[in-house]
Amino acid sequence: MTSAAVTTPAGMSHLSAERSRALRTLFAGVGLGSTGYIAASTVSAIVATELAGTSTLAGVPAATVVLGSAFGSAWLSTVMARRGRRPGLVTGYAVGTVGALIALSAVLAHSFLLFLAGTALLGIANSANQLSRYAAADMVPGERRASTLSTVVWAGTIGGVLGPNLGTLAGGFLAGFGLPELAGVYIVTLVLVAAAAAATWALLRPDPSELAWRPEEAGAPVGAAPVEPVAPAASPAPSYPVASVQSLLRRPSVRLAVLALVAGQVVMTLIMTMTAVHMTEHGHDIAAVGLVISGHVFGMFALSPLSGRLTDRLGPMPVIVAGLCLSAGAAVMGAAAPPDGGPQLFLALFLLGYGWNLGFVAGSSLLSSGLASAERTRIQGVADALIWCSAAAASLGSGVVQSVAGFAALCLLGVALAVGPAVVLVARRRQVAGTPEVSPAG
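Structure report, in brief. Computed from a predicted structure; not experimentally measured.

### A short note on the environment of Leu 131
1) Next: Here Leu 131 shows up in helix H5 (residues 112–137).
2) Next: C-alpha separation for the pair Leu 131 and Gly 88, spaced 43 residues apart in sequence, amounts to 9.2 Å.
3) Next: Apart from the residues within four sequence positions on either side, Leu 131 is in contact with Ser 73, Leu 76, Ser 77, Met 80, Arg 85 and Asp 384.

Here you go:
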């Protein structure tokens, strides 16, 4: 679509309709993919404990998922930069489908190493879920980016509510046929991630990269830096220089966005990973674990539209700091919760999830500030890879800390890891003041 066509009323109406359809498809893909992924994540620590015979290795599957997400973020963003958003997302969900099949086979064969391989591939499906938010954000101007991005993040609410409970229902059904209860979870994951791949392949047309917002749509002045869609390989390259990853990471807004996203993910992963093990060690069954994790994931996604509106209204930095402070408070509440859990642990995990959401939405919005479209695609995959690598370390360490010092100590460590970055962000908040919406050419 040419610039002239875009600026006509008919062209704008057609483009708006295509963008709305693309946003709905992204929402559906994330809803399906996250439901399958969260169903598997809910029980991964329990499966690992059973297969490995020790809770010390309970955090390893979460680490392999996160490492898979890190690899997938970098790999899929490269695919997207060369071929468009749709091929990258379809590839991620397809690989995740294979991972779910491998994980199911591992549960049935009682193989810990095979299970780790399956969870690693499931992580690539998770990276497709996460990168979908950027595809949505590309289609709107900066003042609406956080709200639009948060709409796709909100789709994770479906996974948060349905995922753990669908797994429980499927497990109970299979148990009646003499199969392992936990195998039902991975059947649910297999079906839903495959559905996400099929829906994205069939419906995400035209590619979101062809629907990227351009300055001329808002009557941008002549001479404004061009914001071109991330074109497939057959299309001409952008007519302006694209900064290297190293130079992008030196920009204050990018550095602080990555710090915020990493800190929020690490604190959330550290505590959430071991909550299921903590509960089962104190006599709770899978249904009770599923309820608490559902509350946590509900907090992670359900209030995303509120986080988006707050970010667009107040700016990303205040929202990021608020999210880290809320995560710290939730960690204190989790440390003080009685061993048998109860409402206090449920509330702590819910607030931990919403603290993460505030930082995730605002940090993702900040990450795109001052960057042209081609630069955004490049740095988003790298930033998500850094986020997931840090979270992998948190997953690996969570089992060790819990085994040595207990769940309360694990939560208190989360407090420190949230407060420290919050102080840094407050001290350096002026570095992102006045960041231009689009980076200058060169």
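Alright, that's what it looks like, and here's the rest.
### A look at the pattern of salt bridges
1) Next: Evaluation of the coordinates by the stated rule reveals two salt bridges.
2) Next: One salt bridge connects Asp 138 with Arg 85, and the closest N-O pair in it is separated by 2.7 Å. On the criterion of sequence distance, the pair formed by Asp 138 in the loop between H5 and helix H6 (145–154) and Arg 85 in helix H4 (residues 85–109) is long-range, its members being 53 residues apart. Considered together, Asp 138 and Arg 85 belong to a single accessibility category, that of buried residues.
3) Next: With a closest N to O distance of 3.2 Å, Arg 133 and Asp 384 form a salt bridge. Here Arg 133, found in helix H5, pairs with Asp 384, found in helix H15 (residues 373–405); they are 251 residues apart in sequence, far enough to count as distant.
4) Next: Relative accessible area serves as the criterion here: at 1%, Arg 133 is assigned to the buried category.
5) Next: Taking the relative accessible area as the measure of exposure, Asp 384 reaches 2% and is therefore buried.

### Regarding the environment of Ala 125
1) Next: Its location among the elements puts Ala 125 in helix H5.
2) Next: When near neighbours in sequence (up to four residues on either side) are disregarded, Ala 125 contacts Gly 92, Tyr 93, Gly 96 and Val 193.

### Points about the packing of H4 against H5
1) Next: Interaxial distance between H4 and H5 falls to 7 Å at its minimum, and their mutual angle equals 155°. With respect to each other, H4 and H5 are oriented roughly antiparallel. Note that H4 runs across H5; the crossing there is left-handed.
2) Next: Looking at side-chain class alone, the contact of H4 with H5 contains 20 nonpolar, seven polar and one charged residues.

### Regarding the packing of aromatic side chains
1) Next: Tallied over the entire structure, the rule returns six aromatic pairs.
2) Next: Through a chain of ring-to-ring contacts, the aromatic side chains of Phe 301, Trp 356 and Phe 360 assemble into a single cluster.
3) Next: It is Arg 205 that lies over the ring of Trp 201; its NZ or CZ is 5.3 Å from the centre.

### Description of helix H10 (residues 252–281)
1) Next: The terminal C-alpha atoms of H10, which comprises 30 residues, lie 44 Å apart, in line with the 44 Å expected from a rise of 1.5 Å per residue.
2) Next: The largest bend along H10 measures about 35° and falls at Thr 275.
3) Next: Of all 30 residues in H10, 24 are buried; the element is thus mostly enclosed.

### Some words on the packing of helix H13 (residues 316–336) against helix H16 (residues 407–427)
1) Next: Their axes nearest at 8 Å, the elements H13 and H16 cross at an angle of 160°. It follows that H13 is roughly antiparallel to H16 by the angle criterion. The element H13 and its partner H16 pack so that their crossing is left-handed. Residues Met 317, Ile 320, Val 321, Leu 324, Ala 328, Ala 331, Val 332, Gly 334 and Ala 335 of H13 touch H16, and the partners they reach there are Phe 407, Ala 408, Cys 411, Leu 412, Gly 414, Val 415, Ala 418, Val 419, Pro 421, Ala 422, Leu 425 and Val 426.
2) Next: In the contact of H13 with H16, the residues fall into 19 nonpolar, two polar and no charged.

### Details of H16
1) Next: End to end, H16 covers 31 Å across 21 residues, agreeing with the expected 30 Å (1.5 Å per residue, within 8%).
2) Next: For H16, the complete set of buried residues consists of Phe 407, Leu 410, Cys 411, Gly 414, Val 415, Ala 418, Pro 421, Ala 422 and Leu 425. When H16 is viewed along its axis, its buried side chains cluster within an angular range of 155° and face the same direction. Counted as exposed and oriented over 90 degrees from the buried face of H16: Val 423 and Ala 427.

Definitions and cut-offs
Residues numbered from 1 in each chain as written. Predicted model: local features only at pLDDT ≥ 70, side-chain atom pairs only at ≥ 80, totals over all residues. Heavy atoms only, no water. Helix = DSSP H or I, 4+ residues; strand = E, 2+ residues; numbered from the N terminus. Contact = heavy atoms within 4.5 Å. Salt bridge = Lys/Arg side-chain N within 4 Å of Asp/Glu carboxyl O. Buried < 20%, exposed > 50% of the residue type's maximum accessible area, 1.4 Å probe, protein only. Axes fitted to C-alpha atoms, helices over the stretch in contact; angles between N-to-C directions. Parallel < 35°, antiparallel > 145°, perpendicular 65-115°, else oblique. Left-handed = near helix turned anticlockwise from the far one by under 90°. Nonpolar A, V, L, I, M, F, W, Y, C, P; charged D, E, K, R; others polar. Phe/Tyr/Trp six-rings, centres within 6.5 Å; stacked < 30°, edge-to-face > 60°. Lys NZ or Arg CZ within 6 Å of the ring centre and 35° of its normal. Expected span 1.5 Å × (residues − 1). Bend = angle between axes of the 7 residues up to and from the residue. Arc of directions from axis to C-beta.

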